[in-house]
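# Breakdown of the fold
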Amino acid sequence: MIPRLPEKEISQALQSSKLVLVSGPKRAGKELLIDKILTENNVIADIVDCGIKSERSTISEILKSTTSDLIVLNDAEHIADLQTYIDLALSGSIKPTLL
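Residues numbered from 1 in each chain as written. Predicted model: local features only at pLDDT ≥ 70, side-chain atom pairs only at ≥ 80, totals over all residues. Heavy atoms only, no water.

### Regarding the layout of surface pockets
Taken as a whole, the largest pocket spans an internal volume of roughly 680 Å³. In terms of lining residues, the largest pocket is bounded by 25 residues, among which V22, K30, N74, D75 and E77 are the most central. Within the residue set of the lining of the largest pocket, elements represented by two or more residues are helix 2 (30-40), strand 2 (70-74) and helix 5 (82-91). For the lining of the largest pocket, the element with the most residues is helix 2, which contributes four residues. In terms of residue class, the lining of the largest pocket is made up of 15 nonpolar, four polar and six charged. Forming the walls of the second largest pocket are S11, L14, Q15, N41, V43, I44, T67, S68, D69, L70 and T97. When residues of the lining of the second largest pocket are assigned to their parent elements, the largest contribution, three residues, is made by helix 1 (residues 6-16). (1 Å grid on protein atoms, 1.4 Å probe; cavity = no way out; pocket = protein on both sides within 12 Å on 5 of 7 lines; lining within 4 Å. Points joined across faces, edges and corners; volume = space filled by probe spheres on them. Helix = DSSP H or I, 4+ residues; strand = E, 2+ residues; numbered from the N terminus. Nonpolar A, V, L, I, M, F, W, Y, C, P; charged D, E, K, R; others polar.)

Distances and angles like these do not, on their own, reveal function.
Spelled out as structure tokens, the structure:
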């Protein structure tokens with residue numbers, strides 16, 4: 001894998017932020033980058049593919065029941081009430097960090 005500048009910044013943000021956004025064009029390697037960072041930092045996360053409707057519908061339940069410190073929302077643009085989840089994360093109303 002080619003070393004990427006944001007890798008260090010994402011790792012640092014995960015330690016200090018409740019919400020981390022990774023954006024870029026399709027097939028640019030965002031998921032690979034996130035997987036690599038999580039693996040290197042021994043982070044266990046719940047991962048939701050929001051591009052799949054059945055997975056999208058489980059987000060509220062995951063937020064209520066997870067013991068993970070991190071929830072990865074892939075393709076989050078498909079979430080109709082994304083702003084609600086952002087507000088919950090930033091207000092501290094939910095325990096996990098959203099990525």
